Structures are given as structure tokens and as C-alpha cells.
Amino acid sequence: MLFNSFEFLIFFPLVTILYFLLPHRFHWIHLLIASCAFYMFFIWYYFLILVFTIVIDYYAGILIEETLDPIKRKRWLLLSVIANVGVLCVFKYYNFFTDNINTVFGYDVTKGEGLPYLDMILPIGLSFHTFQAMSYTIEVHRGVQKAERHFGIYALYVMFYPQLVAGPIERPQNILHQFYEKHQFNYERAISGLRLMLWGLFKKVVVADRLALYVDAVYDNPHNYEGFPLIWATLFFAFQVYCDFSGYSDMALGSARVMGFDLMKNFNVPYWAKSISDFWRKWHISLNTWFVDYVYTPIVVEKRHWDKLAVVFAVMVTFSLSGLWHGAKWTFVIWGALHGLALTYDFLSKKKRKAWAKKIPAFIYNPMSWAITFTFVCFTYIFFRADKIADAFYVISNAAKINIHRFFGVPLFTKTFYVICLVAIVIVMFAERIYTSDKKDKVLLLLGNKMVSYAYFFTLLLLIYMFGIFEKQSFVYFQF
Amino acid sequence: MKGIKLIFEIVLLLLVLAGAAFLIESKYSKFETSADQIFKNYELYKNDSIVVVLGSSHTLMFDDYYPDTNKYVVNFSIGGQDLFREDMVLRKIVKDGAKIQQVILGLDFDALGYNQVLSGEGYIDKQYYRYLDTLYDDSFTNRLMGSSAFFRSNRDISYLFKESEISNPIKSKGGKSNSIPYIPLGNGTLNDEDCRGRAIEHSSIKFHDNLLHENLSYVIDIITLCAQNKIKLIIVTTPKMECYRSNSVSANIDNAKYLLVSTLKKEDAEHCYFNLYDDKSFDASDFIDYDHLNQKGVIKLYQKLNTIFANK
């Protein structure tokens with residue numbers, strides 16, 4: 001079920017109202033059934049994959065806790081990791097590996113040579129729930145989290161519908177205890193959750209889906225364009241992917257908040273970042289911290305005798321894996337590796353940049369840092385969005401062929417389209433910037449006013465009604 | 001209590017929003033779409049013996065210059081129309097029991113890889129919903145939008161501030177030009193750059209390989225419908241200017257052409273197909289722009305068809 005679907009419009013109030021009407025002891029089963037229904041709405045039998053990993057991780061967690069022998073504890077952890085990564089390898093990476101093997105050995109699949117491909121649709125949100133499941137067994141193994149004995153609650157930890165298919169990737173310490181807590185209806189909380197949901201929906205259906213029309217037209221056939229259309233499409237994609245994914249996260253956080261749950265924040269105005277490390281502290285926070293905790297830090301600790309090289313090595317491994325997490329394509333690996341390189345530069349040039357910051361006036365240094373960071377992020381999106389590496393290189397080598405007479409060079413789109421898109425982008429960027437600045441309290445105070453609150457809801461609903469794109473548009477991050 | 005208060009507030013807000021939506025709906029109730037005009041026109045001729053033209057902007061003038069002036073020609077062409085809708089339109093009028101003598105189907109090669117909804121023009125699908133009771137994306141949400149005057153208008157916000165309705169007058173029965181006029185690209189000023197853009201738009205940007213077989217099934221359906229109802233069918237690929245042909249993605253065009261010809265052969269419908277795509281007898285003076293014939297061009301096309309018929 002999509003958050004931006006008609007079905008969800010019925011599902012959400014029904015589940016929420018029932019949640020508050022039911023006695024506390026039935027809350028977990030109610031949410032579990034709702035989450036199952038939510039997931040099975042896509043392809044019902046993929047639910048069995050979830051059952052498989054849930055059962056293994058549940059027992060692995062208990063066995064890790066009950067076993068004192070560190071080798072055996074490690075074996076149980078390994079079993080859990082293999083089960084989750086195995087599922088990912090089969091369903092997400094099998095065709096990628098097969099394709100590479102067949103290419104390297106020059107097999108012609110049409111002649112029955114080499115490894116066969118699997119014809120299947122990627123289970124939705126697979127990378128999210130497998131990572132969330134792994135974080136549970138890793139935390140139990142580290143002794144930070146107690147093994148969950150209630151099977152239903154553990155299943156709900158993996159399947160909780162607001163964050164099941166596109167995160168945030170939660171940690172057991174943050175969410176598990178919340179399923180035991182009694183959540184009574186709280187008016188202010190509900191309003192705040194609904195406000196966030198509506199903002200997320202606005203970003204998704206008004207901004208992201210509109211930009212997607214342009215981005216898809218160009219990136220589906222990049223060889224038909226040069227100059228401005230390629231630049232516009234890349235710039236628009238930056239905001240499309242942000243509004244799409246952060247829109248989903250807002251709806252997830254909002255819908256959970258209405259029921260009394262607190263999910264971790266996934267975005268913090270990333271496009272205002274002034275360095276790449278700053279960007280990664282603000283973009284897809286739940287995934288980034290996952291990689292830092294379970295990949296980067298262990299490598300740095302393990303290789304600490306390498307000194308600075310340990311950090312460089314850990315960054316490169318972490319970000320290449322992060323790229324691969326996003327998709328089974330070399331374009332994603334390159335995207336991740338480019339960010340790894342930029343972070344390495346960030347790390348190695350820290351002292352030098354501090355010295356520059358002292359010499360150059362802040363009003364020049366800060367906007368410059370922002371512009372360089374944002375331009376780099378947009379540049380890497382070329383690899384993120386392109387279907388093939390060749391397409392990405394085509395975009396890079398032809399984007400500079402600027403022809404001022406073809407400023408609006410895509411025949412399907414009018415000048416009004418560009419104006420609407422740019423206005424929408426500016427609204428989103430500045431509204432979120434203000435909301436996350438020291439003016440947040442003032443904004444909240446203002447929104448606390450009944451009339452302002454009504455105006456907020458009414459205006460956004462009206463804008464969604466008048467400008468939203470409602471034709472079956474899935475979320476970009478569902479494929480990851 | 002607070003929960004009931006919230007539900008009350010949400011209901012109130014939704015009622016206000018519904019009120020706003022109702023106001024917008026009533027403002028748009030007189031909004032006339034191309035589909036409305038076409039079906040208004042069809043209503044005039046419904047009980048007569050008619051010639052039906054199905055196609056896109058390339059066949060818009062096919063009613064004006066139809067050689068036999070004693071026949072009523074009803075033109076269902078709309079700019080950017082796809083084969084799915086052409087098939088649905090024919091199904092509807094056959095079901096209505098219209099006395100159709102002949103169907104002229106304008107069929108371009110690039111149309112075989114094209115679908116209006118998938119090319120981001122799903123609003124036209126909604127405009128037809130009222131008449132065809134079917135949608136390419138037949139989801140519940142889309143049906144709801146198809147029933148709304150506002151959504152049918154492609155949410156044309158400028159209409160909110162206009163006094164009069166947008167409409168082309170429907171000519172009285174027997175009058176000329178009952179189709180929607182075509183506005184040429186660049187108001188008639190031609191240049192190579194625009195021509196290239198147009199060719200690429202049709203043969204690549206809006207062309208999807210995976211639609212070829214689906215679209216051919218609509219062509220087969222039209223052929224079958226005509227055969228079953230003893231309707232004479234003419235399928236014609238209209239001429240295009242040289243710059244348009246040379247800038248089209250030849251791999252896509254050739255593939256579509258091959259599949260079309262082999263399908264027509266299989267359906268035993270080769271005899272009713274006329275390919276004038278690269279007919280050398282059409283020169284620049286026969287075109288409004290790169291891919292649209294002008295009055296002279298349409299007349300020449302009909303003469304050409306007559307000659308071919310006579311020779312057959």
C-alpha cells in the first residue's frame with residue numbers, strides 16, 4: 001500500500017481509531033495485523049520472506065543472549081546475518097552478480113551459456129527491513145539490547161507499517177520498548193503527526209512527482225539532449241529524490257506519531273549542508289548511522305594501527321557498500337565511491353579548511369562551501385539516476401554544451417512548468433530551513449494558534465488537490 | 001473527548017475542503033474539452049450514414065477535404081491520440097449502432113510505441129471517460145478524477161480566472177471543419193532544430209518498445225471490428241517531411257514498420273493499408289510543419305488514395 005494512495009486514506013484512520021479504541025493488551029496484535037495487511041497489499045507472497053527472516057532473527061537473538069560461549073554467540077549472529085544478507089543476495093543482487101559473471105566470462109545467455117537470470121520483482125523495502133532485523137541481532141550480540149521474548153512484539157519491530165517499506169531503519173533500543181508502552185490519545189501529538197504527514201504528502205505529490213515527469217523524460221533518453229535539459233534534469237532530480245524520500249519519511253514519522261510512537265529523524269535539511277560530511281549527517285540519517293555503527297567503526301577499530309589510512313579505507317568500504325545498498329548496479333557503486341572520495345578529502349583537508357575559514361570572510365566562505373557541496377551532490381546524482389554508466393558519462397560530457405536558445409530544451413514542458421517547479425522547490429527548501437533553525441519555537445508557537453493551524457491544513461490540502469499528481473506514482477526509495 | 005474533538009475538526013476541515021472542491025467543480029462544469037466537442041459533433045451525425053476518421057493531429061483535416069462531399073465525415077482525431085483510445089472510440093460508436101460506411105485510420109509508425117497516459121498526458125484519458133466509460137489506467141482514483149470536471153480540464157488553473165468557457169463552436173450539420181483546428185509548431189516558422197526536436201519527441205522520448213505488441217493488438221481489434229460489421233477500412237500512414245524522417249530514430253521506426261506490415265499480412269488486411277510515410281510526391285509546400293499536411297497536402301493525399309484504389 002502506498003502512503004499516497006486512496007487505500008491508505010481509508011487504512012490509516014481505521015487503524016488509528018481502532019488502535020485507541022482497543023484495550024492496551026491488544027495493541028500489538030492490532031498493529032501486527034495492520035502491518036501484515038499493509039505489506040501484503042503489494043505482492044502478498046513476499047510476506048513469506050519476512051516470516052523467514054523474522055523467525056531466524058527471533059531465535060538467533062534469544063540464543064545469542066542465552067549462550068555464554070563467545071564463539072557460539074558469534075555463530076548465532078553469523079546465522080542471522082547470513083540469513084538476512086542471503087535474502088538480499090538472492091532477491092536483490094542475484095541478477096547483478098549473474099550479469100557480471102556472464103559479462104566477464106563472455107557467456108551468451110541467449111545461447112543457454114552461463115548463469116541464468118531470475119525473472120522476479122524485487123520485494124518492496126527489502127533492504128530496509130533486513131537492515132533493521134540485522135541491527136537487532138547485532139545489538140543483542142553487543143549486549144546493548146536484551147533479546148525480545150515476545151514473538152509478536154519482535155515481528156512488529158520488523159514489520160511496523162509506518163517504517164516497514166522505506167524506513168527510517170530503526171534500532172531496537174529506540175522502538176522495541178515503545179510497543180510495550182501504553183499510548184493514550186494525545187491531541188497535540190496527533191495534530192503534530194498529521195501536520196507532518198500532510199507536509200510529507202505535499203512534498204511527494206506536488207513537488208517530487210511533478211519533477212519526476214521532467215527527470216524521467218530526460219534521463220530515459222539522455223542521448224536526445226545536451227546542455228540545459230541535462231542540467232535541469234539533474235537539478236530537478238536532486239529535489240525529486242529529496243522530496244520523494246523525505247516526504248515518505250515525514251509521512252512515516254507523522255503516522256507513527258499520531259499513535260504515540262517516536263521514530264528517528266531521517267533528514268535534517270541536507271541540501272543546506274556546507275560539507276560532504278555535514279551532508280551525510282543530514283541525509284538518510286538512519287542508514288548512515290547504521291553503516292557508521294556496524295561497518296565504519298568496526299573497520300576503523302580493527303585497522304587502527306593503520307592510522308589515517310584506516311579511516312580512508314573504512315570510508316571507502318562503507319560508502320561503496322552504501323552505494324550497493326541503494327541498488328544492484330555499478331552506477332550506484334560509483335555514486336557511493338564518489339561520496340567516499342569526497343569524505344576522504346573532507347577528512348584529510350580538515351586542518352587546511354579550518355585555516356581557510358579563518359582567512360576568508362564568513363559571508364564568502366559559507367556560501368562558497370554550500371555551493372561546492374551542493375554542486376558535488378548534484379554531480380553524483382548523475383550516476384544515481386542514470387540507467388547505465390555510459391548514460392552517466394554521456395550526461396557529464398554533454399551537459400556543458402550549453403545553447404542559450406535551448407534554455408528550456410525539452411519539447412513536452414512549458415515555461416510555466418519550470419516556474420511552478422522552481423517556486424515549489426524554493427518553498428520546500430526555505431520552509432524546512434526555517435523550521436529547523438532557531439526560529440522553530442516561533443513557528444511552533446504560530447502553528448499552535450488554532451486559526452493558523454486550520455489555515456495550514458486547509459492550504460496544503462487545497463494545494464495537493466489542485467496541483468498534486470495522483471496517477472500511481474511509487475516512491476523512489478521503494479526499490480532499495 | 002479530545003479524540004472526538006479531533007475527529008470533529010477533521011470532518012469540519014474536510015467539509016470546508018469539499019465545499020472548496022464543489023465551488024471549483026461548479027466553476028469548471030462548463031469547461032469544454034476536445035473530447036466534449038468531438039462527441040457533440042458526433043451526436044449531430046449519429047443517425048446518418050457516416051465516414052469515421054480515427055487518428056491524431058495528422059488526420060485533423062481529413063474531414064474537410066474528403067473527396068465525396070455528399071458523405072458526412074465525423075472526425076474523432078485529437079492531437080496526440082493513441083491507439084488504445086482510437087480502438088475504444090470505434091467500439092463505442094459501433095456499440096451505439098452508428099451506420100458507419102467507412103473508417104479511415106491514420107496510423108503513424110511512432111504511434112505503435114506510444115501511449116498517451118504513459119507519456120504524461122493521462123488527463124486526455126479522463127476527458128474521454130464520460131463517453132467511453134473506460135480508462136487506460138482504470139484505477140478507482142483515476143475513475144474518480146475522470147468524473148470530475150476540474151480534473152478533466154487537466155486542472156487548467158487559468159480557467160478559474162476566465163469569464164467565458166473555452167470552446168470552439170460546433171458547426172451545424174453538413175458544415176465544414178468539425179474537427180479541432182491544429183496549431184502548427186512555431187506558428188509555421190520552420191527550422192531544423194525544431195524539426196529534430198519534434199522527430200525525437202515522437203520516435204524516441206514518447207516511443208516505448210514494450211508497447212508495440214499492445215498497440216498492435218488495438219490495430220487488430222479495429223480490423224476485426226470493421227470486418228465483423230462490414231465496414232470498409234482504410235489505414236494510412238501520413239507523409240512526413242524529409243528533415244522529420246531523417247531525424248527520427250530509425251531503429252524504432254523500422255521495427256514498428258516491420259511489425260505493422262507483418263501484422264497486417266497476418267490479419268489479411270494489407271490491401272487496406274497505404275504507406276505514404278516517405279512518399280516523394282509530397283514536398284515542403286504540402287506541409288504546415290514537419291509532420292502535418294496542409295490543405296493542399298490532404299487533397300493530394302486523397303487523390304493519391306483514389307489513384308491507388310483505381311489501380312487496384
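Residues numbered from 1 in each chain as written. Chains lettered and ligands numbered in written order. Predicted model: local features only at pLDDT ≥ 70, side-chain atom pairs only at ≥ 80, totals over all residues. Heavy atoms only, no water.

> So, the overall build of chain B: which residues are in play, and what are the values?
On a plain count of helices and strands, chain B comes out with 11 helices and 5 strands. Residues classed as buried in chain B amount to 53% of the 312 residues present. Sequence separation of at least 24 residues holds for 78% of the intrachain contacts in chain B that already meet a minimum separation of 6. As displayed, chain B has an accessible area near 14200 Å², and 55% of this comes from carbon and sulfur atoms. (Helix = DSSP H or I, 4+ residues; strand = E, 2+ residues; numbered from the N terminus. Buried < 20%, exposed > 50% of the residue type's maximum accessible area, 1.4 Å probe, protein only. Contact = heavy atoms within 4.5 Å. Areas by Shrake-Rupley, 256 points an atom, 1.4 Å probe, with all protein chains shown as cover.)

> For the confidence of the model for chain A, give the residues involved together with the corresponding values.
Residues at a pLDDT of 70 or more form 98% of chain A, whose mean pLDDT is 88. Element-level pLDDT for chain A is lowest in helix H19 (residues 440-448) of chain A, with a mean of 77, against a maximum mean of 94 in helix H6 (residues 151-159) of chain A. (pLDDT = per-residue confidence, 0-100.)

> Tell me about helix H5 (residues 126-142) of chain A, and name the residues and values.
Residue and element names in this part refer to chain A. Under the 1.5 Å per step criterion, the end-to-end length of H5 is 24 Å for 17 residues, consistent within 8% with the ideal 24 Å. Across the 17 residues that make up H5, a large majority, 15, are buried. Looking at the residues trailing H5, positive phi occurs at Gly143, about 80°. (Expected span 1.5 Å × (residues − 1).)

> Let's hear about the state of the cysteines: which residues, and what values?
Residues and elements named next belong to chain B. Inspection of every chain in the model, using the stated rule, returns 1 disulfide over all chains. Across the disulfide from Cys195 sits Cys243; the S-S distance is 2.0 Å. The chirality of the disulfide connecting Cys195 with Cys243 is right-handed, given an S-S dihedral of about 95°. Highlighted residues: Cys195 in helix H7 (residues 192-205) and Cys243 in helix H9 (residues 242-247), separated in sequence by 48 residues. With respect to class, Cys195 is no different from Cys243; both count as buried. (Disulfide = S-S within 2.5 Å.)

> Explain the interface of chain B and chain A to me, and be specific about the residues and the numbers.
Interface size, as often reported, equals the accessible area lost upon joining of the parts. Counting from both sides, the interface comprises 35 residues of chain B and, opposite them, 31 residues of chain A. Of the roughly 2900 Å² buried at the junction of chain B and chain A (both faces included), carbon and sulfur atoms supply 69%. One can count 1 salt bridge joining chain B with chain A. The interface formed by chain B and chain A contains 6 residue pairs in polar contact (both at pLDDT 80 or more). Looking at the side of chain B that touches chain A, the elements that each hand over two or more residues are helix H1 (2-28), helix H5 (140-146), helix H6 (149-152) and H7 of chain B. Tallying contributions element by element places H1 of chain B first for the side of chain B that touches chain A, with 14 residues. (Buried area = accessible area lost by both parts, 1.4 Å probe. Salt bridge = Lys/Arg side-chain N within 4 Å of Asp/Glu carboxyl O. Polar contact = N/O pair within 3.5 Å; in protein donor to acceptor, adjacent residues only side chain to side chain.)

> Can you lay out the layout of surface pockets for me, pointing to particular residues and giving the numbers?
All names here are of chain A. If you add up the space inside the second largest pocket, you get close to 1100 Å³. With 8 residues, the top contributor of residues to the lining of the second largest pocket is helix H18 (residues 415-435). The class makeup of the residues in the lining of the second largest pocket is 27 nonpolar, 7 polar and 8 charged. (1 Å grid on protein atoms, 1.4 Å probe; cavity = no way out; pocket = protein on both sides within 12 Å on 5 of 7 lines; lining within 4 Å. Points joined across faces, edges and corners; volume = space filled by probe spheres on them. Nonpolar A, V, L, I, M, F, W, Y, C, P; charged D, E, K, R; others polar.)

> Describe the sheet that holds strand E4 (residues 232-237) of chain B, with residues and values.
Residues and elements named next belong to chain B. Pairing is parallel in the open sheet, where 5 strands are placed in the order E2-E1-E3-E4-E5. Each edge of the open sheet carries a strand with a single partner, namely strand E2 (72-75) and strand E5 (273-275). Going from strand to strand, the sheet's axes swing by 20° on average, the running direction of each strand aside. Here strand E1 (residues 49-54) pairs with E2 via 4 bridges, running parallel. By the bridge assignment for E2, Ile50 is matched with Tyr72. The strands touched by helix H2 (residues 34-45) within the sheet are E1 and E2, with E2 carrying the most contacts at an inclination of about 155°. Contacts from helix H3 (residues 83-95) reach E1 and strand E3 (99-106), with the element oriented near 175° to E3. (Pairing = 2+ DSSP bridges. Axes fitted to C-alpha atoms, helices over the stretch in contact; angles between N-to-C directions.)

> Summarise the pattern of salt bridges; cite the residues concerned and give the values.
All names here are of chain A. For the structure on display, the rule yields 31 salt bridges over all chains. Salt-bridge contacts for Arg171 lead to Asp293; the nearest nitrogen and oxygen are separated by 2.7 Å. Within this pair, whereas Arg171 is found in the loop between helix H7 (161-164) and helix H8 (172-175), its partner Asp293 is found in helix H12 (residues 285-302), the two being separated by 122 residues in sequence. Classification of Arg171 by relative accessible area gives buried; the value is 10%.

> Tell me about the environment of Arg143 of chain B, residues and numbers included.
Residue and element names in this part refer to chain B. Within the secondary structure, Arg143 is located in helix H5. On the basis of relative accessibility, which here comes to 26%, the residue Arg143 falls in the partly exposed class. Taking C-alpha positions, Arg143 is 7.7 Å from Lys126, a pair spaced 17 residues apart along the chain. Not counting the four nearest positions on each side in its chain, Arg143 is found in contact with Tyr129, Asp133, Leu135 and Asp138.

> So what about the nonpolar core? Which residues, and what values?
By size, the foremost hydrophobic cluster in this structure holds 150 residues, and its most contacted members are Phe160, Tyr214, Phe236, Tyr271 and Tyr381 of chain A. Top element by residues in this core is helix H9 (residues 187-219) of chain A. It accounts for 19 residues. Listed in part, the 50 residues of the second largest apolar core include Ile78, Val103, Leu225 and Leu264 of chain B. (Core = buried A, V, L, I, M, F, W, Y, C linked by side-chain atoms within 4.5 Å.)

> I'd like a description of the packing of aromatic side chains, backed by residues and values.
All names here are of chain A. Taken as a whole and judged by the stated rule, the model has 90 aromatic pairs over all chains. An angle of 85° between the planes, with centres 5.9 Å apart, marks the rings of Tyr381 and Phe384 as edge-to-face. With Tyr381 and Phe384 both in helix H16 (residues 362-385), this residue pair falls 3 residues apart, about one helical turn. Take Phe384: its relative accessible area is 5%, and that puts it in the buried class. (Phe/Tyr/Trp six-rings, centres within 6.5 Å; stacked < 30°, edge-to-face > 60°.)

> Residues and numbers for the pairing of E3 of chain B, please.
Residues and elements named next belong to chain B. Among the 8 residues that make up E3, 6 are buried, leaving the element largely enclosed by the rest of the structure. Here E1 pairs with E3 via 6 bridges, running parallel. Its bridge partner lying in E3, Ile50 is registered against Ile100. In the sheet, E3 pairs with E4 via 5 bridges, with the strands oriented parallel. The residue of E4 that forms the bridge with Gln102 is Lys232.

> I'd like a description of empty space enclosed by the protein, backed by residues and values.
Leftover empty space is mapped by rolling, across the atoms, a probe with the size of a water molecule. Inspection of the entire model under this criterion finds 4 cavities of 30 Å³ or more. Of the residues assigned to the lining of the largest cavity, the class counts are 6 nonpolar, 4 polar and no charged.

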